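# Structural overview for review
Chain by chain, the residues run as shown.
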Amino acid sequence: MRTTIDITAARTQLGRSSIVLPDPVPAHPLLDGKEEIGRGEYSIVLDKGDGERVYKIVSSPADYFLYTADDRPRGEHFPVIHADHGIIGRALSGYPLHLIEMEKLYPLAEGSHAAALALRLIDTYWSACQQWNKLGANMGRIALYDMTLNPFAASDNLNKAVKALSDFVEEYQVLPDILNANNLMMRKDGTLVFSDPVFIA
């Protein structure tokens, strides 16, 4: 996927340089023999093996709220959550490790409509961050809110999803993280999904 900004530099400026969760996968009956297919800053993803679902181990309260809160963002641009299997351990960070069962998502396919939308989203978000960079860590939150005032997408549903994400960020006092292409994924049908778009500072 080609970008017009240096994503690594942008994430570093936001204090979001690339880090992966160092914790091992905890022993758990649902996870025994399951293949690890992804690892992020606060999560580990294992393939359930049915082609439709994954098990996601999350250590960040921000992710846990995003996936389980009654008032979490929903709709075509957010992941479908099937079950919360509870706490299965504790991360080195001290946070509990929650096991979530959710739909299987895929990396953005180069040249796809979802990748083009993601690039436009990232560019628009980063431009807004640059306007609010004097606010430090809060610039991402303000930039996301700014995007709700000036809808950027031709898709009304995507604009509504950005608004829902902004509302969630404000309600739960978390921060947005949409400069990482791994946090923007797609379904098999090509729908862009905010897979992991928040963090706690």
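Residues numbered from 1 in each chain as written. Predicted model: local features only at pLDDT ≥ 70, side-chain atom pairs only at ≥ 80, totals over all residues. Heavy atoms only, no water.

### Digging into the pattern of salt bridges
Tallied over the entire structure, the rule returns ten salt bridges. In this structure, Glu101 engages Lys48 in a salt bridge whose closest nitrogen and oxygen atoms are separated by 2.7 Å. A residue pair is termed long-range when its members are at least 10 positions apart, and Glu101 in strand β5 (residues 96–103) and Lys48 in the loop between β2 (43–47) and β3 (53–58) qualify at 53 residues. Taking relative accessible area as the criterion, Glu101 reaches 5% and is therefore assigned buried. Within this structure, Lys48, Arg53 and Glu101 form a network of salt bridges that share partners. (Salt bridge = Lys/Arg side-chain N within 4 Å of Asp/Glu carboxyl O. Helix = DSSP H or I, 4+ residues; strand = E, 2+ residues; numbered from the N terminus. Buried < 20%, exposed > 50% of the residue type's maximum accessible area, 1.4 Å probe, protein only.)

### Examining the nonpolar core
With 44 residues, the main nonpolar core has Leu184 and Phe194 as its most contacted residues. Elements with a contribution of two residues or more to this core: β3, α2 (61–68), β5, α3 (113–131), α4 (139–149), α5 (156–172), β7 (184–186) and β8 (192–194). The biggest single contributor to this core is α3, with ten residues. Sequence-distant contacts of Leu184, that is, excluding residues within four places in its chain, are made with Leu108, Ala118, Leu121, Ile122, Ile178, Leu192, Val193, Phe194 and Ser195. In this structure, Leu21, Ile57, Ala91 and Leu99 belong to the second largest nonpolar core, which totals ten residues. (Core = buried A, V, L, I, M, F, W, Y, C linked by side-chain atoms within 4.5 Å. Contact = heavy atoms within 4.5 Å.)

### Here's the deal with empty space enclosed by the protein
Using the criterion set out here, one finds one cavity of 30 Å³ or more in the structure. What the largest cavity holds in volume is close to 40 Å³. Its residues assigned to classes, the lining of the largest cavity shows six nonpolar, no polar and one charged. (1 Å grid on protein atoms, 1.4 Å probe; cavity = no way out; pocket = protein on both sides within 12 Å on 5 of 7 lines; lining within 4 Å. Points joined across faces, edges and corners; volume = space filled by probe spheres on them. Nonpolar A, V, L, I, M, F, W, Y, C, P; charged D, E, K, R; others polar.)

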